[in-house]
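# Breakdown of the fold
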Amino acid sequence: MGVTINKQKSSGDWYIWITYKGKRTSRKVGKDRKYAMKIASEYQKKLLLGEIDFSNGKSPNSEGRLFGEFFRDYLDNAAKHRLKYNSWMSYQKVAELYLLPEWKNTRLEAITRQEVKRLLLEKQAAGLSVQNIRICISAIFAEAVEREILTVNPAHNLGKVFRKSVPEKSTQFLSKE
């Protein structure tokens, strides 16, 4: 728990950093150090009373986001800039074929680890390789965790359950056979 002030070297602006119960937020104050010290003491008083808002202007959505909406947002804003074009297209195709028909109108928080396993087992039983589907699901939920929409990624470490199939070696090259 604490309030500190820091000066940004590049712009010369003063910032107040507020830390409380594992959460951290910052506020830009301006160019004056004395004013920053005054505001920091006010935030310290508010912090002791528990009146600090850590939302940074973001309004919490009480009903939760739907998987389809979140996926479109993820694909257009995050994945498009982070992934190569072919990976981005692969995520889009995987979602259109397998994920959106199942979870398009499902709340993001309602999708559990068991739901993810069930979907992957169904696709595996249908004869599909689930490796790309698993990677896509994990990336989507990792972004939801990063944005603090979810606390846990339900697709994390599913590689233990769904391993890559390795073909058995049948013959060696230039053997007697």
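Before going into details, it helps to say that this report is about the structure given with it. Quantities reported herein were computed from a predicted structural model and do not represent experimental measurements.

A complete count under the given rule lists 11 salt bridges for this structure. The closest approach of N and O atoms between Asp-73 and Arg-147, which form a salt bridge, is 2.3 Å. Residue Asp-73 is found in helix α2 (residues 67-82), and its partner Arg-147 is found in the segment after α5 (131-146); the two are separated by 74 residues along the sequence. Across the pair Arg-118 and Glu-122 runs a salt bridge, and its minimum N-O distance is 2.6 Å. A residue pair is termed a helical-turn pair when its members lie 3 or 4 positions apart in one helix, as Arg-118 and Glu-122 do in helix α4 (residues 113-125) at four residues. Owing to a relative accessible area of 32%, Arg-118 belongs among the partly exposed residues under this scheme. On the accessibility criterion, Glu-122 (36% relative accessible area) is partly exposed. What emerges from the salt-bridge pattern is a single network uniting Arg-65, Asp-73, Arg-82, Glu-143 and Arg-147.

The subject of this paragraph is the pairing of strand β1 (residues 2-7). Each regular strand displays side chains that alternate between the two surfaces of the sheet. Pairing geometry for β1 and strand β2 (residues 14-20), over six bridges, is antiparallel. Note that in β2 the partner of Thr-4 across the bridge is Trp-17. The loop that links β1 with its antiparallel partner β2 comprises six residues; one of these, Gly-12, has a positive phi angle of about 85°.

The pairing of strands in a sheet comes from backbone hydrogen bonds and takes either a parallel or an antiparallel form. Spatially, β1-β2-β3 is the arrangement adopted by the three strands of the open sheet, whose pairing is antiparallel. Either end of the sheet is taken by a strand with one partner, and the two such strands are β1 and β3 (23-30). Ignoring which end each strand starts from, the neighbouring axes of this sheet average 25° apart. Sheet topology places β2 next to β3; seven bridges connect them, and they run antiparallel. Opposite Thr-19, over in β3, you have Arg-24 as the bridge partner. Strands in contact with helix α1 (residues 33-49) are β1, β2 and β3; relative to β2, the strand with the most contacts, it is inclined by about 15°.

As a further point, take the side chain of Asn-153. Among the secondary structure elements, Asn-153 is positioned in the segment after α5. Judged by relative accessible area, Asn-153 falls into the buried class, the value being 13%. A polar contact of 2.9 Å, which involves the side chain of Asn-153, links it to the backbone nitrogen of Ala-155. Setting aside its immediate chain neighbours within four residues, Asn-153 contacts Ser-138, Phe-141, Ala-142 and Val-145.

With that settled, the discussion passes to the nonpolar core. Phe-67, Tyr-74, Leu-99, Trp-103, Val-116, Ile-137 and Phe-141 are the most contacted members of the largest nonpolar core, which totals 30 residues. Every element with two or more residues in this core is listed here: α2, α3 (85-103), α4 and α5. Ignoring anything within four residues of it in the chain, the contact list for Phe-141 reads Phe-67, Trp-103, Leu-108, Ile-111, Val-116, Leu-150, Asn-153, Pro-154 and Ala-155. Membership of the second largest hydrophobic core comes to 11 residues, among which are Ile-5, Trp-14, Ile-18 and Ile-39.

Next up on the list: the packing of α4 against α5. It is at 11 Å that the axes of α4 and α5 come closest, and there the two elements cross at 160°. One way to sum up the angle between α4 and α5 is to call them roughly antiparallel. Considering the relative orientation of α4 and α5, their crossing is right-handed. Taken together, the residues of α5 that come into contact with α4 (itself represented by Val-116, Leu-119, Leu-120 and Lys-123) are Ile-133, Arg-134, Ile-137 and Phe-141. Split into classes, the residues belonging to the contact of α4 with α5 amount to six nonpolar, no polar and two charged.

The rules behind each value
- Residues numbered from 1 in each chain as written.
- Predicted model: local features only at pLDDT ≥ 70, side-chain atom pairs only at ≥ 80, totals over all residues.
- Heavy atoms only, no water.
- Salt bridge = Lys/Arg side-chain N within 4 Å of Asp/Glu carboxyl O.
- Helix = DSSP H or I, 4+ residues; strand = E, 2+ residues; numbered from the N terminus.
- Buried < 20%, exposed > 50% of the residue type's maximum accessible area, 1.4 Å probe, protein only.
- Pairing = 2+ DSSP bridges.
- Axes fitted to C-alpha atoms, helices over the stretch in contact; angles between N-to-C directions.
- Contact = heavy atoms within 4.5 Å.
- Polar contact = N/O pair within 3.5 Å; in protein donor to acceptor, adjacent residues only side chain to side chain.
- Core = buried A, V, L, I, M, F, W, Y, C linked by side-chain atoms within 4.5 Å.
- Parallel < 35°, antiparallel > 145°, perpendicular 65-115°, else oblique.
- Left-handed = near helix turned anticlockwise from the far one by under 90°.
- Nonpolar A, V, L, I, M, F, W, Y, C, P; charged D, E, K, R; others polar.

The analysis is restricted to geometry; functional conclusions fall outside its scope.
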